[in-house]
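The lines below spell out each chain.
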Amino acid sequence: MALELLAPARTPEVGRIALACGADAVYVGGPAFGARRSAGNALVEVASLVQEAHRQGAKVYAALNTILFEEELEAARTLAWDLHGVGVDALIVQDLAFLELDLPPLPLHASTQAACDGADKVAFLADSGFQRVILARELSLDEIRAVRRAAPEVELEAFVFGALCVGESGRCGLGQALAGRSGNRGACVQPCRWGWDLDDGSGHRWRTAEPLLSIRDLDATGLLEDLADAGVRSFKVEGRMKDADYVKNAVGHVRRHLDGLLERRPDLGSPSGTTLGFVPDPRQTFNRGFTTYRLDGERRPLLSGAASGWLGTPLGSVEALAGPTITLGDATCLVAGDGLAWAGPGGRVVSATVLAVSGAEVRLDAVHQLSVGQPIYRNRDRRWLEALGQATPSGPPRRLRSSVGLTTRRVVPLPEVHLDHRWNLSNSRSRAFCLRRGAITLESALELQDSAIGRELARTWLCLRYELGACPHHPHPTIPPPTEPLVEPLTLRSGPHTLVCTFDCVACRMRLQKR
């Protein structure tokens with residue numbers, strides 16, 4: 001298949017904006033069973049988006065990517081047929097129960113939460129009937145090449161822009177264990193963005209109320225060619241919870257880089273011919289700073305910094321504060337209507353609107369929790385956003401492409417035979433599938449267990465020892481080793497919640513357990 005730019009559509013209108021900015025396909029939630037519960041759409045809304053996308057030669061993929069409880073199996077099956085009826089081009093699913101249900105003749109795309117984090121697992125999913133797998137963001141280019149060799153018949157989709165989940169392959173039990181709201185059920189409360197205290201085994205407190213599990217956003221647009229050569233054919237923008245400005249900017253950003261690649265490499269396809277009418281700038285819409293994560297296989301800093309939300313572009317520090325007026329070293333870039341931000345307690349972002357600018361003095365509508373010497377940022381550039389809103393992207397119609405069917409099926413064994421709670425088995429159909437494919441022991445999903453105490457809630461590439469400069473294997477590029485010993489175990493605390501950090505240096509991973 002030709003290279004595809006896949007964009008999020010929180011609503012049909014956002015989907016249409018993504019298409020205008022050059023998306024070849026969009027993914028959208030239906031009325032239920034989407035992993036972003038607040039981004040669902042009625043069937044009539046999905047139908048309108050499908051009609052517009054197909055008119056332009058683009059595709060629509062429907063997300064049915066929560067895990068399913070027993071009493072929901074029939075409703076999920078019915079919804080799959082309803083989505084087929086309105087014309088969607090594929091279903092994105094996590095729960096292996098779908099492989100046991102009577103489904104419409106639609107391609108199945110394995111959600112990244114379906115353990116798409118290794119060559120053996122992807123080969124198993126391909127053999128089980130998935131036409132496409134959405135790769136774990138943690139995979140390196142070398143690991144993606146290994147996936148391609150192990151499963152040459154399956155389409156590979158990779159995230160290239162947007163937020164990153166701290167849990168490997170998006171599998172995280174923090175929300176369920178700490179707040180009774182599961183990301184696997186579309187209701188994550190994002191404990192990874194909370195402020196946490198960090199204590200070591202001696203009782204020494206290393207950090208206080210900081211977003212110590214909040215990692216930066218992904219921007220892999222500089223590595224699109226490497227990803228394409230490794231076998232990736234669909235480049236995905238994260239953001240089904242994001243607004244129209246974000247999607248317009250992010251899709252335009254990736255489209256521009258992808259068209260640049262296609263101009264250099266006609267063997268990969270033809271440029272889209274999209275005219276954006278604006279210059280994309282990912283710094284101007286929501287982000288937590290950017291990283292290429294571990295695509296090159298290297299260990300690098302991942303924490304988002306003082307805040308877990310969007311601070312914006314730095315403006316320096318507050319030099320003086322008098323009532324609602326602050327003084328900056330240089331305020332010439334600011335105008336009334338701009339938005340400023342600074343880090344508040346617990347990593348929360350505090351925001352204010354610029355009312356007037358006079359020389360170096362800036363009058364704000366609020367100065368809560370702001371002090372002299374504090375770093376300050378601009379997270380709303382009024383003039384840039386106005387230009388973005390006035391731009392009317394356009395492009396020629398695409399040629400609607402049929403996906404390549406699966407080749408002859410092989411017999412690929414289940415990668416593991418003892419399946420723990422991280423396999424998210426939450427109903428009889430998923431358990432029956434795994435038993436039929438060779439599983440010996442099955443543990444229920446965390447959502448069905450009485451207690452999460454002592455259970456692994458997340459396995460993550462983020463390593464707090466490394467972020468403190470205390471990793472014995474990988475020196476931090478900017479933080480020197482601490483002068484005091486870091487005594488294990490390390491413990492994270494936020495309000496009544498306590499997590500224990502353990503470290504697997506062989507796999508270069510950190511694990512989080514509830515105490």
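Quick caveat: nothing in here was measured; it's all calculated off a predicted structure.

(A) Looking closely at helix α5 (residues 141–150). Within α5, the full set of buried residues consists of L141, I144, V147 and R148. Along the axis of α5, the buried residues cluster in a sector spanning 110 degrees; they form a single face. Facing away from the buried surface of α5 by more than 90 degrees, the exposed residues are D142 and R149. Of the surrounding secondary structure, the elements contacted by the buried residues of α5 are α4 (119–128), β7 (155–162) and α7 (224–230).

(B) The sheet that holds strand β24 (residues 497–504), seen in detail. Judged by pairing direction, the sheet is antiparallel, and its 6 strands sit side by side in the order β9-β8-β23-β24-β25-β22 without closing on themselves. In this open sheet, the two edge strands, each paired with only one partner strand, are β9 (205–210) and β22 (456–460). Neighbour-to-neighbour, the strand axes of this sheet turn through a mean angle of 20 degrees, independent of strand direction. Relative to strand β25 (residues 509–514), β22 runs antiparallel, the two sharing 4 bridges.

(C) Quick look at the sheet that holds strand β15 (residues 325–327). On the basis of which strands lie adjacent, the open sheet formed by 7 strands has the order β13-β19-β16-β17-β18-β15-β14 and antiparallel pairing. Each edge of the open sheet carries a strand with a single partner, namely β13 (313–317) and β14 (320–322). Ignoring strand direction, the axes of neighbouring strands in this sheet form an average angle of 35 degrees. Examined bridge by bridge, strand β16 (residues 339–343) and strand β17 (residues 349–358) share 5 bridges and lie antiparallel to one another.

(D) Quick peek at the packing of aromatic side chains. For the coordinates displayed, the defined rule picks out 5 aromatic pairs. Aromatic pair F161 and F290: ring centres 5.5 Å apart, planes at 40 degrees, arrangement tilted. In this pair, F161 sits in strand β7 while F290 sits in strand β12 (residues 290–291), placing the two residues 129 residues apart along the sequence. By way of ring pairs, the aromatic residues F161, Y246 and F290 are connected into one cluster. Just above the ring of F69 sits the side chain of R185; from NZ or CZ to the centre is 3.9 Å.

(E) Focus on the side chain of T274. Position of T274 relative to the elements: it lies in the loop between α8 (244–264) and β12. A polar contact of 2.8 Å, which involves the side chain of T274, links it to the side chain of S272. Setting aside chain neighbours within four positions, we find T274 in contact with A20, C21, G22, R255, D259, S394, G395 and P396.

(F) Focus on the pairing of strand β19 (residues 375–380). Bridge count between β13 and β19: 4 bridges; the pairing is antiparallel. Note that in β19 the partner of G316 across the bridge is I376. Where β16 and β19 come together, 3 bridges link them in antiparallel fashion. Within the sheet, the bridge partner assigned to G339 lies in β19 and is R380.

(G) Geometry of the confidence of the model for the chain. In this model, the chain carries an average pLDDT of 95, and 98% of its residues clear a pLDDT of 70 or more. The model gives residues 404–408 a pLDDT under 50, and that stretch makes 10 contacts with residues more than four places away or in other chains.

(H) Summary view of the packing of helix α1 (residues 12–20) against helix α2 (residues 43–55). Two numbers describe how α1 lies on α2: the axes approach to 9 Å, and their chain directions differ by 15 degrees. Relative to α2, the element α1 lies roughly parallel. When the axes of α1 and α2 are compared, the crossing they make is right-handed. Facing α1, whose interface residues are P12, G15, R16 and L19, α2 presents E45, S48, L49, E52 and A53. Among the residues forming the contact of α1 with α2, the class breakdown is 4 nonpolar, 2 polar and 3 charged.

(I) Structural context of α2. Taking 1.5 Å as the rise per residue, α2 with 13 residues should run 18 Å; its terminal C-alpha atoms sit 18 Å apart, in good agreement. Within α2 the residues assigned to the buried category are V46, A47, L49, V50, E52 and A53. Looking at the buried positions of α2, the neighbouring elements they touch are β1 (4–9), α1, β2 (25–29), β3 (59–64) and α3 (73–85). Downstream of α2 by one or two residues, G57 has phi in the positive range, about 80 degrees.

(J) Main features of unusual backbone geometry. Residue P489 is reached from E488 by a cis peptide bond, and omega for that bond is 5 degrees. With respect to the secondary-structure elements, P489 resides in the loop between α11 (464–467) and β23 (490–494). The backbone of Q190 sits at a positive phi, close to 55 degrees, despite the residue not being glycine. Along the chain, the position of Q190 falls in the loop between α6 (174–179) and β8 (196–199). A relative accessible area of 38% places Q190 in the partly exposed class. Backbone geometry at Q369 places phi at a positive 55 degrees, although glycine is not the residue there.

(K) The environment of N184, seen in detail. With respect to the helices and strands, the residue N184 is situated in the loop between α6 and β8. With 262 residues separating them along the chain, N184 and L446 place their C-alpha atoms 9.7 Å apart. Every residue in contact with N184, bar those within four places of it in the chain, is listed here: T66, I67, Q94, N424 and E447.

(L) Representation of the pattern of salt bridges within the structure. Under the defined criterion, the tally for this structure stands at 41 salt bridges. Its salt-bridge partner being R493, residue D199 comes within 2.7 Å of it at the nearest N-O pair. Note that D199 is positioned in strand β8 and R493 in strand β23, a separation of 294 residues in sequence. The closest approach of N and O atoms between R264 and E225, which form a salt bridge, is 3.1 Å.

Cut-off values and rules
Residues numbered from 1 in each chain as written. Predicted model: local features only at pLDDT ≥ 70, side-chain atom pairs only at ≥ 80, totals over all residues. Heavy atoms only, no water. Buried < 20%, exposed > 50% of the residue type's maximum accessible area, 1.4 Å probe, protein only. Helix = DSSP H or I, 4+ residues; strand = E, 2+ residues; numbered from the N terminus. Arc of directions from axis to C-beta. Contact = heavy atoms within 4.5 Å. Pairing = 2+ DSSP bridges. Axes fitted to C-alpha atoms, helices over the stretch in contact; angles between N-to-C directions. Phe/Tyr/Trp six-rings, centres within 6.5 Å; stacked < 30°, edge-to-face > 60°. Lys NZ or Arg CZ within 6 Å of the ring centre and 35° of its normal. Polar contact = N/O pair within 3.5 Å; in protein donor to acceptor, adjacent residues only side chain to side chain. pLDDT = per-residue confidence, 0-100. Parallel < 35°, antiparallel > 145°, perpendicular 65-115°, else oblique. Left-handed = near helix turned anticlockwise from the far one by under 90°. Nonpolar A, V, L, I, M, F, W, Y, C, P; charged D, E, K, R; others polar. Expected span 1.5 Å × (residues − 1). Salt bridge = Lys/Arg side-chain N within 4 Å of Asp/Glu carboxyl O.

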